[in-house]
Structures are given as structure tokens and as C-alpha cells.
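Here are the chains, one letter per residue:
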Number of protein chains: 6
Amino acid sequence: MSATRITPEPRDWRLQLWTWPEVERYLEYDKGVILPLGSTEQHGPTGAIGTDALTADAVAQVVAERSHVLVAPPQAFGMAEHHLGFPGTISLQPSTLLALLRDMVVSLARHGFERIYVINGHGGNMATARAAFIEAYDRAASLGLASAPRLRCKLANWFLAPAVMAHARQLYGAREGQHATPSEIALTLHLYPDLARKLEPLPEPAPVGPIHGWEDFRCRYPDGRMGSDPSLATAAAGQEFLERAATALCEDLQRFLQAP
Amino acid sequence: MSATRITPEPRDWRLQLWTWPEVERYLEYDKGVILPLGSTEQHGPTGAIGTDALTADAVAQVVAERSHVLVAPPQAFGMAEHHLGFPGTISLQPSTLLALLRDMVVSLARHGFERIYVINGHGGNMATARAAFIEAYDRAASLGLASAPRLRCKLANWFLAPAVMAHARQLYGAREGQHATPSEIALTLHLYPDLARKLEPLPEPAPVGPIHGWEDFRCRYPDGRMGSDPSLATAAAGQEFLERAATALCEDLQRFLQAP
Amino acid sequence: MSATRITPEPRDWRLQLWTWPEVERYLEYDKGVILPLGSTEQHGPTGAIGTDALTADAVAQVVAERSHVLVAPPQAFGMAEHHLGFPGTISLQPSTLLALLRDMVVSLARHGFERIYVINGHGGNMATARAAFIEAYDRAASLGLASAPRLRCKLANWFLAPAVMAHARQLYGAREGQHATPSEIALTLHLYPDLARKLEPLPEPAPVGPIHGWEDFRCRYPDGRMGSDPSLATAAAGQEFLERAATALCEDLQRFLQAP
Amino acid sequence: MSATRITPEPRDWRLQLWTWPEVERYLEYDKGVILPLGSTEQHGPTGAIGTDALTADAVAQVVAERSHVLVAPPQAFGMAEHHLGFPGTISLQPSTLLALLRDMVVSLARHGFERIYVINGHGGNMATARAAFIEAYDRAASLGLASAPRLRCKLANWFLAPAVMAHARQLYGAREGQHATPSEIALTLHLYPDLARKLEPLPEPAPVGPIHGWEDFRCRYPDGRMGSDPSLATAAAGQEFLERAATALCEDLQRFLQAP
Amino acid sequence: MSATRITPEPRDWRLQLWTWPEVERYLEYDKGVILPLGSTEQHGPTGAIGTDALTADAVAQVVAERSHVLVAPPQAFGMAEHHLGFPGTISLQPSTLLALLRDMVVSLARHGFERIYVINGHGGNMATARAAFIEAYDRAASLGLASAPRLRCKLANWFLAPAVMAHARQLYGAREGQHATPSEIALTLHLYPDLARKLEPLPEPAPVGPIHGWEDFRCRYPDGRMGSDPSLATAAAGQEFLERAATALCEDLQRFLQAP
Amino acid sequence: MSATRITPEPRDWRLQLWTWPEVERYLEYDKGVILPLGSTEQHGPTGAIGTDALTADAVAQVVAERSHVLVAPPQAFGMAEHHLGFPGTISLQPSTLLALLRDMVVSLARHGFERIYVINGHGGNMATARAAFIEAYDRAASLGLASAPRLRCKLANWFLAPAVMAHARQLYGAREGQHATPSEIALTLHLYPDLARKLEPLPEPAPVGPIHGWEDFRCRYPDGRMGSDPSLATAAAGQEFLERAATALCEDLQRFLQAP
């Protein structure tokens, strides 16, 4: 995928701002597209409900700009059944999210896209997204799409990038936790500085633990956090997390686009 | 719904920037929420692929701010099967969109939301959204949710508001057309002035007509427009459309929130 | 569609009375078929539960005979979830009706039918039917059916024909209402004169209003009517409604069959 | 189930001609309802495509009148995938028919019906109908319907009644066959005497055999018959078949209604 | 199907012990495969919960060895919704089992298998299995599989083989019953002699009767048996039942494999 | 979970050999159950197609016996869409496997089981199984099952146990690979020594890499292996892998059963 072959005009890489002839020209040389995938779910007593979508989209925008790869608008609703005990959470059932992602990938494959790079901000989406990719491959082949044999999807979880996790461990140690972590909250502070006003000292983090049904979740983690101390988050750290995530995913995306 | 009862702190009405305790407090007095629903689909040779989502979200933001009603992040992908002949279109099958909207409404009903106001930017979503509301009512009742007997959903199509349609007729007459209309393109120019660079004179609009499968669609409407002349669009007109749409929907939303 | 090309033998246009070789010959010249679609649901304290299916089928029979177009047996069960609070209502969930209509259309497309004209008697079916058409187009294309590129479906709601609505307004004014309307009840009286014995003066019509879940429906409209006064219905008016509906739909069907 | 307890007014037992308060009164004493289930599929070169629905409905009407049990309008479309190689066949996939029957039964159970008696005219529906009953029991229980513990469904295939089969064997011997049988064709001649004009001598019946996919079906049974000679059918025999079927099913229905 | 053409090496006919190149060679000459299908459900107070899967698999192994036909591992979970009132029952809903069997058949058809012989041990699976076969034929054809026109499935219920039923009648008369029958329990004793320790004299068998929902089932048949007296079972009789079932199904399988 | 409280009679822990009253007694003290989950898919040119089910079941049996926990019969068919290019593979689509596992878990929860421990032998099942658990929690709660708030599922992949992976790395280094690994093949040799005859020296292992559609899979990995050298496998090593896996999972199961 050579960025130089792209017509220079559409400097903004957001699909929503392109026209269809521009996409048609893009596809003559490039076959990759980024899909930001988030979730709209509680993030502890002080974190923004949109954290997972805001962060995935932010990372996706930087990766798109640096990689010269088209990026779709974010899918802000994901699989968050286990958070339904907290007001504001909007969740798709796994089978719904599976159908949604399958339809999105098949739509893109129909046009000739061959590399679908899903930048994900929510651990709860991972299993379902992987299942959806498999159904998308099958569907594309069943439909006889020309791109089907070369269609590949990849799930890129920014928060699991080694450079991100290492930095979080260094800054927060065990207080990073599993949900409503200071690293993701920090990134939202960088994006929306006003969110810092919502932070406040919190009691000891709830113990880390497993995730089952939503009633069980609220019992185990009464304020929504899992082992984390989001009060440690700062906008400056958020900027660093964004940079580290974007750098890691840019490299990963290049490998994905160039791999056979 | 009395805005004064809302705690003044979260002046921004975007759900994604709230915390769950803020939503919990909101629900003590208010039961309404706005869901912006768009589509990611071709909008003629010069229009932005994201037009339907960008416009629905823009209207939703203004309505939310003026009405002091919580607004969810936009769902940018809708039912656009008939546009799949044009690169860049990402479509959910009707049964997928049905499940998605049903899950979203049921999630909200679980928390106690009783009035779900869907601000929609795409005609192709209308049938499926209405079917989804019915399944959501059933599901909420089956689950025994306390809010189920009072749960109501409403589809508000900004582009069908009489004040919007009258203005479009006055400005563009028959050249308003059915798809990639100058009114919706104008609104995107107001939001993203750079889009104006993509406009160019177009040949005579294709005749208006019916919508069937996507192969048929591309045959009938080879450049994606349906009877429209988007080159008439201006950012100034877009601002006026936004104002008219927001005014109309604010009133409609008040009636919806206050109705028994 | 030229009726003269049809073999004269099968003078009855009901598909259920034809043989498959007759259908095969019909398809050599004609590609249209009528599907009557109704609902089996309460129609107020004095109206027949089968009103929507009886009326749709009656209109369909007249249209078929005058237009020389094959007509399938009526589908008497539709989407009536909101009427489930009243005994006798039999409802299909939206996703079930969607699958049913999709399967019916795809069956017909497999044989070479290209114009599916659904004569509908129930507003509650409209959204789901439109969604089903889209899925049918996709399915037909996925199956590689030869007719797929030319397959078109149309929903024809007899009760919304301008000539019908104008007459109802003239006869009943606001007492026409929204459900269990005197116009549809009149048509059933024309078909089944004995039904007139069930009519009786009713208290003031319930106010018109929105439709949500079935518990809400029964609260708002305790006897099942929505803003209507079915006691105004007469068999003579019913005959006139049938004539007006059939005339309007015959014209509409011709346009549909002849359109490219 | 005592017919004398029924209010005498509605002498016609067709649900579609009743009002909801009449159904409500019926349910005070009786819990049974008949659902006629057919299919719309080829019946050999001389048989009516609607045979299975016409016969099931005819039997159902007689049973309803003699048993004083409410009868729903017929469901004319069933599972006929194996007949899709012949024009005019309209088939629901098994999973669609399953959902349809489940929804119908659950609707009726919601109102308090406890005995659902499906009079079926098509062998191809049997497997799916039985599967649907199981899902209906589960759904009714999941919804917490008061009638759920007493809900029972029964599939009554009129053509398999011993008195019917014995008579067919006596009249036609091996030429009764499996599909487009003279017995069912005879019943349609009794109902629609004009259909006799379509009969004509046919070549030797195709051998009986198994049913697999529709391509295989048309190969094995090129004119649509399976081992039958429908030219033997007469309207007089049809009347006798109707009488025998109705008598057998009336007795069976009484047992079903009275069983614990 | 000529066993002599099979490469002699894989003397064990269990698919799970073969390699894919061995299957590839097998398919050059043979197109048949056996699928054992059972259920995991209560079998009365003294019978093994796995009875239906153990017996189906035992019969399938003998049939495979004698017929030189490949046999898949058993599917131990089937449709047992009506037994869910008894601990240990694990049931798939009809629509789940339908999808499972459809996917299995389509997988095999993809490789070139054309004759799928399902040896079934549970009456409750029969309806759903037949529906699944139909959907598998359709799916295989939709996918354009080369084997689709020749794909055939057959359900072989070992317990309904005439030689089995006659022997059961002779040994047990009416005490054979319908569920947890001495014949099937006997077969399990032959397979697992230790199970005999669980047998004990039981009170009079519950009356035979219909099967509806699981609450109704447990009311009618409080200890899980239906009209049977499993205390009559012996391992010796079980050996005889296995022999009779295998003999009958071997012949049936040969006919199935050789039929056009 | 105290084994001493279990009645000593059923020394065999296989659910299929228990009666329902035995399960009922078990549930008075213990709430755990093991579900072995495998796959039936190609395992390279020399490995058994049933490897994943055979190994999962073998580990499960040892864990059950040592832990005194009930174990269900193995589910031998899993999600193996990517292996469908190789004969003998039988695959469930992700949405089918999701429904299957959901139904199994909900069945068990209905009886009072609260800890479902899935011992899995196939990486391809992991995503779907996790999605299924979420839907099972929701379904159990929707059904109002008493066990719902305490229902927990856990996926235990024996091949990912640290003690297993360390040993594989020590024995095989990079030749362990990703699919048809010597460690899993070794375990099958321990279970079925005859399988060793199928082993033979293989060309250099294919490079490791990603998994997409099945056409792509067969292109990348022409003989089915992914980076592995199964010719290194020995039965003795297989016994050691079984021991290490069982030991690790016994400890993990105890923690799972005792955790709040």
C-alpha cells in the first residue's frame, strides 16, 4: 500500500467526508480501511460513558492520518451486557454485534476492500468481533465476491499494545486495573480536558476478578471500576498513551496491509 | 421534563461525556434520551458518504442543547442495501439494524428511560426502525422491566419536518429530488465548509423513481443522485436548514416527552 | 402486461386454483403477481377480527379480475403486536413477518416473477413489509436468480388510496379515526352483511394517538378503537370503498407492471 | 368443552368474523381453537396449486361447525422447499414456518387459549410444526403466561386419518401415491367443481420415492406427481373424503379438548 | 458403495481417527457417512441420562464396521426441551438443533459427501432433523456446491426398526412404553454392565400420553418414565436389540447408498 | 465443593451414566459441571481429525475423576470454518455454536448448576464460547432462573496451561507451531497408540501466520499444519501433556468452584 499513489486531494481520511468516486479511485491502489469500534458503557464513578469509543476513534484518526488509510466513522455501541447494571450503558447482544460487524465487513468487501483493520477500544468486543470476521469470510465467499479470497480482518486493541501496557504499568502499577483504568481515562482527559473536573479521589479499588452476568458484576464491582484508580489519570499521560498506541498500530497496520 | 431539575454541572448533553452516577441523577427527574441515527452511503458524485449521519447528529446536538435532553453518540451505520452498488457504502441488513435498535432501546429501558427519541437522517432506516420499536416494546415487557408499560419510541426524520421541506421546495423546487438532495448537502457544507470544494456542476438530474435492489438502483441512477441537483447547495442554506430542523424537532420532542 | 396474451382458460385468477403448467405459460408473457396481506387482530368492540385480511383480499380479487393478473391466497396473519392485549389477535413478530414475506418473494422470483404487488390491509405491516422487500432483493441476488436484477416489489395500501381517504373524510370526517375505522368496517359489511348485527352505538371515540406496546395500547384505547366511530359504517358505503380502492389500485398496478 | 355454554349468537365459527368481546366470552368456557394449515405448491400437471390449503380449510370448517370450536383463517403458505422447481410454488423455509407457528400459538396462549388444534393438509409441514410447538411451549413459559402450564398443541393431518387412508386404498390402491394424490384432488373437485376441467389422462405415475432438494425432486418426479394418478379423482369421492376426515378429526378434537 | 475399493489401512471407521488425506481418498470411491445423533436427557429414575446418545453411537459403530462406511463422532446433545424438568437434561432448542445439523450436513457436502445417514436415538430429534435436512439442501444449492444436486440425508431411528419393535413387543408387551423403555435401557446395560446396579423395581408405569411443555411433562410423568417398566431390562436382551438394530440399519444404509 | 458430601455410589463422573435422581442429590451439595468442547477438523496430513475433541475429553475425564465433579459428554463439533478446505472437517458457524453453548448452559442453570467449566481443545472455539457465555447469563436472567445471579462459566483451554506450553517449548521449540502441534498429536498417540502408524516425516513446516477464510487457509498452509512438526510427537510425551494439563486444570477448577 503506497500512500504516494493516493490522489492528494482528500487530505482528510474520514470516509464520511469522501464521495463515492473518491473511494473508487482510492480502491484502484489501496485496499485497506480502518473501522474504529468502541462501546458506550459505564466507566466507573468518574469516567466518561463513551470512553471506549472516544479512545478507539482518537487512535484511529491518528493512525489514518499517518498511514494514509481511509477510516470509517466509529461504531460507538458494542457488547457491554455485563455493564447493564449501571445507568447509561447501551449494549448490543453478542449475536447482534456479530451481525453488525459481519454486515459492515461484507459491505466493504463488495466494493473491493481486502484489509479491514478494526481499532477496538473495548475488551468485551473482542470475542464477538473475531466470530464476526469468520462469518464475514464465509458470507463473502458465499456471495462470490471477487475480493473474498483475499479478504482479511484484523482486530487491533490499542490498550493491549505492549508499549501502552508497559507505560501504564510504569505509571500506575497495579492501580491500572482492568476497567475504568487510569490509562484510558487519561486519554479521554487529553481529548476532553473538561472531563478532569469529574475526577475525584475514590476509595480503594475493588479487587480484580472475573466478569459474568451484569447482576454479578455490580455486586463485585459496586462503583463500576475493576481494580483501577482512575484518579491517577492526567491529560498529559493521555497524550503519551495516544502517541504510543498510534505508533504501535501504525506499524501493525503496515504489516497487515503488506502481508500476503 | 423540566430542565431546571437537572443538576447544572453537565452542561454538555452528550451521554458519552457523562458518568453513570450523573445519568442516575438525571433519571430521577427526566426519562428522555435522543438517539441520532444516520447511514454511511453514497450521496451522489459530489456529496459526502457520511451525510445522513453527520446531519442527524448535528440536528440532534442542537435539539439536545436547547431541550436539555441527554443525547447518545450517533449510530452512523444504517440500512443502505440499495446503495451497495457504490463504493464506500456500508450497510446493515434490515434484520441486523432491527436487532441493533431493539438492543439499544431495551438497554435504555432497563435503566428507566421511557422516551426514546430517534433523530434520523436516512429514509431507508424508517421502516426497520419502526419494526425495531415494536420488538423493543415486546422484549422490554418480556423481561419484566419496570419501565416497560411506559416505554415509548419515536422516529423523528429531520428532513421531513414541514418547515424543512417547505424551505427546500422554495429554494430548489423539483431539483431538491429524493437522494443527495441540495438541502442535506447544504447542511453538510455548513458543518464542513471544505466539502464545498467537491461540488461541481452536474448533468441533468436523473429522474425520480422507485428503489429496489442495488443493481437496479445503479442502473436507474448511475451517479447515485435521485432527481436532485446538489450543486445548488450552500453552507448558508445549510445553516438555515439546521435551524429549521432543530426548531421543529425541539417542539416535537417536548410534546413527546410530555405526552401521557 | 397484455391480458390478451394470456391463455383464456383460467378465467379465475386465483393462484390456488391454477396448475403449475398454467403458471408456466402465464410466465411466458406476464411477470406480475398480487399478494394480499392482512392481519388478524381486534377491530374494536363491534368489528370483525379478520377485517384487515378480508378487505385486502376483497380488493385484491377485484384488481386481479380487472387486471388479469394472478393473485395468491391471502396471508391473513401480520404484525399486530400492539393489539395483543385484546383476545383473538394473532400476531407475528416483525422479524417473523419479515422472514415470511422475504421467503414468499424469493419463491416467486425463483420462478421468474418480477413484479410483486402486495395489496395490504393493515398499517402495522407497512414498515416490516418494506424491510422484507430489501432482504428479498438481496437474497434473490445472492442466489443468482435470473430475475433478480428486474425484481421489484410494491406495497399498495388500499386504505391510503387518495380516492378512498377522500370519501372517508367526506362521509365520516374526524370520526373516521385510525383503527377500526368506519370505512374498513363498511367494506366488511359489504362482504359479510351479517356482520351488521354486531354494530351498536358506541361511546365517544377514544382520542387518536400514538401506538407503542400492547399494554399501553389497551390503556389508551380501552375498547380497541382509535378515534373512530364504526357505527357509522354501512354495507352500501363499503361497496363504494371497494370500488374506489380497486379502481385506484388497478391503475397503480398497471403503472407498476409497465414501469422499467 | 361444552358447546351449550357458548353464547348462541356467533353461529359462524370463523375467528375472522368475530369481535374481540365475543372471543373474550368464548374463553370464559372454552379454551380450544383450530388453525388450518396448508401449503401453496404444485400438485402435478392437473392439480390445483392451493390443494393443501383448500383441503385443510374445508376440513377445518366442518370440524369447527360440528364441534362448536373457533377456527382461525387458514395459513395458506407452508414449507414446500422441495417443490420450488415448479412454477407457482410459494414456500417458507423451515425456520420461517417454525417462527410463524410459534408466534401464532404464543399469541393465542396470551389470551388464554390452551388447546391449539392444527388441521394440516401438507406432509411437508409436519416436522416443522412439531418443532414449532416445542418452541411455543418454551416461549409461553418464558413469558410467564398464565396458560403456559396447560398449553397443548396437536397436529391433525386429515389425509392420515385411518378412515381416509382406508378409503383411498380401496378406491385407488397403489395409484393413490404420495403427492398430488387422487384423494386430495378429489376433495378439491368437491369444493371447486370447475377444477375437473383441468384433469386429463396422465402417463404412468412416476415411481414413489424419497424427497430431497428441489432439483432432485424435479428430476425424480418430472411432472410433479409422486406415484399418483390424480385422473382417478371425482367430486363425489371428494365429498366422501371430506366427510370421513371431518368425522375422524371431530372425535380426535373432542379427545384433545377433554384430555387433562 | 464397494468396500473393496477402500484403502484397507483405516480399519477403524471413526472419522475422528482418520487424517484428511485418508478422507480425501475415501471420497474418490465412496460418498456416504454416518452421523450418530443422541440426546442427553433423563431416562426415568433408573436409566442413564446418556441413553439416547450411547445407544445411537453403539448402533452406528456396528453399522459402520459392517458396512465399511465412515462414521462421525456422536452428537450427544439434541432436542430435549420437554425433559428440562428433570436435573441433568441438557437440551438444544429446535432452532438451535436445526442450525447445528444444517451446518454439519453442509460441511460434509462441501467435501463431496452425498449420502448423510443420521442414526438417531431420540424421538424428540426427528421433527427438527427433518427440517434441518431441507435447510441443508437449500444451503448447499445456494452455495453452488458441486455435490448439491446429489445430496441426500436420511434419518434412521434404530428404535423404530421393525425387527427391534417386534422384539420389544414380544419381550415386554405394553410395558415397553414410550420413554425410558426397557429395550433402550437394555442396550445400555449391554454397553455398561455396571448400570444394572441402578435398576430397581418401580411402581406401576405412568400412563402413556402426549408430550407438551416440560412442566406438563413432569406433572404427567412424575418419575420421568412414559408407560415403561425399565426394570425388565437385561444386558442379554440389550445385545439382541443391538444386533437387530444394526442388521436392519445395515440393510437400510445399503439401499440408501445405492439408490439413485 | 466437598467430594465427601457426594454419595459414594456413582464413582464414574460421566453425566451420561448417571440417573436424574443422582444428579438431583449431587446438586444438593455441588453446583459444578465440566463440559468438554472439541472440534472435528483436519489436523495436518498425519493427525487425527478428532484431535481437539479427543484431547479435551481426555483431559476432562481426568479432571472430573480427581476433582469429583460431574462431566458431560463431549461436544465434538465446534467452530472450524477456516478448516473447511480440507475433507473431513465438520464445522458449526459461529452463530450456531453460540446458540448451542448458550442452550447447554441455560439447561444446566435451570437445574441449579452454577459453575460451568468448559474444557476446550480448540482455539477456534474461544471467541464464540465467550460470546455464548454472555448470552447465557442474559437468557438465564431473563428466564428468572433462581441460579442466574450466581451463574458463572469459565473457558479452560488445556493447551494454553503454562505447564503445558512450557513443556511443549522445551520439547519442540519453534516446531510446536500453531496447529496440528506435536503436543496435541502426542496426546492422541497416548490415547490411541495405533495413530502412530500414520505419522511420517513431513517437509519443513509451513510458516506460522494468520487465520482468515478457508480458501486463504489452504493456500497458506497447503497440508493443514501451521508451523508445526507433528512427526516429533510420541505417546510418552502425550501422557506427560495429559498429566500436566489435568494438574493445572484441577487447580483452576477448584479456584473456580470456590470463588465467590
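Residues numbered from 1 in each chain as written. Chains lettered and ligands numbered in written order. Predicted model: local features only at pLDDT ≥ 70, side-chain atom pairs only at ≥ 80, totals over all residues. Heavy atoms only, no water.

Draft legend 1. Structural view of the overall build of chain A. Helix and strand counts for chain A come out as eight helices and four strands. Reading the secondary structure of chain A in the N-to-C direction produces α-β-α-β-α-β-α-β-α-α-α-α. For chain A, the C-alpha radius of gyration of 19 Å lies close to 18 Å, the compact-globule estimate for 260 residues. Along the first, second and third principal axes, the C-alpha set of chain A runs to 55 × 35 × 30 Å. Across the 260 residues that make up chain A, the buried fraction comes to 67%. For chain A, the accessible area works out to roughly 8500 Å², and carbon and sulfur atoms hold 55% of it. Computed over 23 positive and 28 negative side-chain charges, the separation of the two mean positions in chain A equals 4 Å. (Helix = DSSP H or I, 4+ residues; strand = E, 2+ residues; numbered from the N terminus. Rg over C-alpha atoms; globule rule 2.2 N^0.38 Å. Buried < 20%, exposed > 50% of the residue type's maximum accessible area, 1.4 Å probe, protein only. Areas by Shrake-Rupley, 256 points an atom, 1.4 Å probe, with all protein chains shown as cover. Lys, Arg positive; Asp, Glu negative; His and termini not counted. Charge placed at Lys NZ, Arg CZ, Asp CG, Glu CD.)

Draft legend 2. Summary view of the side chain of Glu-22 of chain F. By secondary structure assignment, the location of Glu-22 of chain F is in helix H1 (residues 20-29). Glu-22 of chain F gets classed as buried once you look at its relative accessible area, which sits at 11%.

Draft legend 3. Structural view of the relation of the copies chain A and chain B. With an RMSD of 0.0 Å, the fit of chain A onto chain B corresponds to turning through 180 degrees and sliding 0.0 Å along the axis. In the structure described here, the two chain copies are related by an operation that fits a two-fold rotation axis. Mapped onto chain B, 98% of the interface residues of chain A again fall at the interface, so both copies present the same surface. (Least-squares fit on C-alpha atoms with pLDDT ≥ 70 in both. Contact = heavy atoms within 4.5 Å.)

Draft legend 4. Just the interface of chain A and chain B, in detail. Contacts between the two partners involve 58 residues from chain A, matched on the other side by 57 residues from chain B. With both chains or domains summed, chain A and chain B bury close to 4500 Å², and 63% of this area falls on carbon and sulfur atoms. Across the contact surface, chain A and chain B share four salt bridges. Counting the contacts that link chain A with chain B gives 21 residue pairs in polar contact (both at pLDDT 80 or more). Residues that form the side of chain A that touches chain B fall into these classes: 29 nonpolar, 17 polar and 12 charged. (Buried area = accessible area lost by both parts, 1.4 Å probe. Salt bridge = Lys/Arg side-chain N within 4 Å of Asp/Glu carboxyl O. Polar contact = N/O pair within 3.5 Å; in protein donor to acceptor, adjacent residues only side chain to side chain. Nonpolar A, V, L, I, M, F, W, Y, C, P; charged D, E, K, R; others polar.)

Draft legend 5. Local environment of the arrangement of the chains. The least C-alpha distance between chain A and chain D, which are not in contact, is 17 Å. Looking at chain C next to chain F, you find no contact at all, with the nearest C-alpha pair sitting 17 Å apart.

Draft legend 6. Spatial organisation of the relation of the copies chain D and chain E. When chain D is fitted onto chain E, the two copies agree to an RMSD of 0.0 Å after a turn of 180 degrees and an axial shift of 0.0 Å. In this assembly, 100% of the residues forming the interface of chain D have copies in chain E that are likewise at the interface, indicating an isologous arrangement.

Draft legend 7. Representation of the sheet that holds strand S1 (residues 32-37) of chain E within the structure. Residue and element names in this part refer to chain E. Spatially, S2-S1-S3-S4 is the arrangement adopted by the four strands of the open sheet, whose pairing is parallel. Pairing within the sheet leaves two strands with one partner each, and these edge strands are strand S2 (70-71) and strand S4 (152-157). Of the strands in this sheet, S1, strand S3 (115-120) and S4 touch helix H8 (residues 235-258), which is tilted by about 160 degrees from S3. (Pairing = 2+ DSSP bridges. Axes fitted to C-alpha atoms, helices over the stretch in contact; angles between N-to-C directions.)

Draft legend 8. Highlighting the packing of helix H2 (residues 51-67) of chain C against helix H6 (residues 182-191) of chain C. Residues and elements named next belong to chain C. Where H2 contacts H6, the two axes come as close as 9 Å, and the packing angle between them is 70 degrees. One way to sum up the angle between H2 and H6 is to call them roughly perpendicular. For the pair H2 and H6, the sense of crossing is left-handed. Where H2 abuts H6, its residues Thr-51, Asp-52, Leu-54, Thr-55, Ala-58 and Val-59 lie against Glu-184, Ile-185, Leu-187, Thr-188 and Leu-191. (Parallel < 35°, antiparallel > 145°, perpendicular 65-115°, else oblique. Left-handed = near helix turned anticlockwise from the far one by under 90°.)

Draft legend 9. Structural context of the packing of aromatic side chains. A complete count under the given rule lists 54 aromatic pairs over all chains for this structure. With centroids separated by 6.3 Å and ring planes inclined at 90 degrees, the aromatic side chains of Phe-86 of chain E and Phe-217 of chain E adopt a geometry described as edge-to-face. Of this pair, Phe-86 of chain E sits in the loop between S2 and helix H3 (94-111) while Phe-217 of chain E sits in helix H7 (residues 214-220), and the two are 131 residues apart along the sequence. Among the aromatic residues, those joined into a ring-pair cluster are Trp-13, Trp-18, Tyr-26 and Phe-113 of chain A. Sitting over the ring of Phe-256 of chain A, Arg-115 of chain A keeps its end group 5.9 Å from the ring centre. (Phe/Tyr/Trp six-rings, centres within 6.5 Å; stacked < 30°, edge-to-face > 60°. Lys NZ or Arg CZ within 6 Å of the ring centre and 35° of its normal.)

Draft legend 10. Looking closely at the sheet that holds strand S1 (residues 32-37) of chain F. Residue and element names in this part refer to chain F. With parallel pairing, four strands are arranged side by side in an open sheet as S2-S1-S3-S4. Both outer strands of the open sheet, strand S2 (70-71) and strand S4 (152-157), are each paired with one neighbouring strand and no more. Relative to S2, S1 runs parallel, the two sharing two bridges. The partner of Ile-34 across the bridge, within S2, is Val-71. Running over the sheet, helix H2 (residues 51-67) touches S1, S2 and strand S3 (115-120) and is turned about 160 degrees from S1. Running over the sheet, helix H4 (residues 126-142) touches S3 and S4 and is turned about 170 degrees from S4.

Draft legend 11. Local environment of helix H6 (residues 182-191) of chain B. Residue and element names in this part refer to chain B. In terms of burial, H6 is largely enclosed, as eight of its 10 residues are buried. Buried within H6 are the following residues: Pro-182, Ser-183, Glu-184, Ile-185, Ala-186, Leu-187, Thr-188 and Leu-189. Those residues of H6 hidden inside the fold are in contact with helix H2 (51-67), helix H5 (162-172) and helix H8 (235-258).

Draft legend 12. Fine view of the confidence of the model for chain A. Residues and elements named next belong to chain A. Of all residues in chain A, 96% have pLDDT values of 70 or greater, and the mean over the chain is 94. When the criterion is pLDDT under 50, residues 1-8 qualifies, and its contacts beyond four places in sequence or with other chains add up to 15 contacts. Predicted complex, confidence summary: ipTM 0.95, pTM 0.94. (pLDDT = per-residue confidence, 0-100.)

Draft legend 13. Molecular detail of the environment of Ala-76 of chain D. Among the structural elements, Ala-76 of chain D can be located in the loop between strand S2 (70-71) and helix H3 (94-111). Residues Ala-76 of chain D and Thr-40 of chain D, 36 residues apart in the sequence, show an inter-C-alpha distance of 6.2 Å. Residues contacting Ala-76 of chain D, with those up to four places away along its chain left out, are Pro-73 of chain C together with Gly-38, Ser-39, Thr-40 and Ala-53 of chain D.

Draft legend 14. Quick peek at the interface of chain D and chain E. In this complex, chain D contributes 26 residues to the contact, which on the side of chain E involves 26 residues. In total, about 2100 Å² of surface goes out of reach between chain D and chain E, with carbon and sulfur atoms giving 58% of it. Linking chain D with chain E are two salt bridges, by the criterion used here. On the surface where chain D and chain E come into contact, there are eight residue pairs in polar contact (both at pLDDT 80 or more). Sorting the residues of the side of chain D that touches chain E by element identifies H3, helix H4 (126-142), strand S4 (152-157) and helix H7 (214-220) of chain D as the ones contributing at least two each. Ranked by residues supplied to the side of chain D that touches chain E, first place goes to H4 of chain D with eight residues. For the side of chain D that touches chain E, the class distribution of residues is 13 nonpolar, five polar and eight charged.

Draft legend 15. Expanded view of the pairing of S3 of chain E. All names here are of chain E. With six of its six residues buried, S3 lies for the most part within the structure. Residues of S3 alternate between two faces, with Arg-115, Tyr-117 and Ile-119 on one and Ile-116, Val-118 and Asn-120 on the opposite face, all of them buried. Taken together, the six bridges between S3 and S4 define a ladder with parallel strand orientation. Each residue of the ladder has a partner; that of Arg-115, found in S4, is Arg-152.

Draft legend 16. Inspection of the environment of Gly-209 of chain C at higher detail. All names here are of chain C. Mapping Gly-209 onto the fold places it in the loop between H6 and helix H7 (214-220). We classify Gly-209 as partly exposed; its relative accessible area is 23%. When the C-alpha atoms of Gly-209 and Lys-31 are compared, they prove to be 41 Å apart, with 178 residues separating the residues in sequence. Setting aside residues no more than four positions away along its own chain, Gly-209 makes contact with Gln-178, Tyr-221 and Met-226.

Draft legend 17. Broad picture of the side chain of Thr-181 of chain A. As for its position among the elements, Thr-181 of chain A is in the loop between helix H5 (162-172) and helix H6 (182-191). Discounting residues that sit within four places of it in the chain, Thr-181 of chain A has contacts with Glu-176 and Ser-228 of chain A.

Draft legend 18. Spotlight on unusual backbone geometry. Residue and element names in this part refer to chain C. Its identity as a non-glycine residue notwithstanding, Ala-180 has a phi of 60 degrees, on the positive side. For Ala-180, the position within the fold is in the loop between helix H5 (162-172) and H6. The class for Ala-180 is buried, based on a relative accessible area of 0%.

Draft legend 19. Molecular detail of the pairing of S4 of chain E. A large share of S4 of chain E lies buried, amounting to five of its six residues. Chirality of the crossover, the property in question, places the unit of S3 of chain E, helix H4 (residues 126-142) of chain E and S4 of chain E among those that are right-handed. (Right-handed = clockwise from strand over helix to strand, strands pointing away.)

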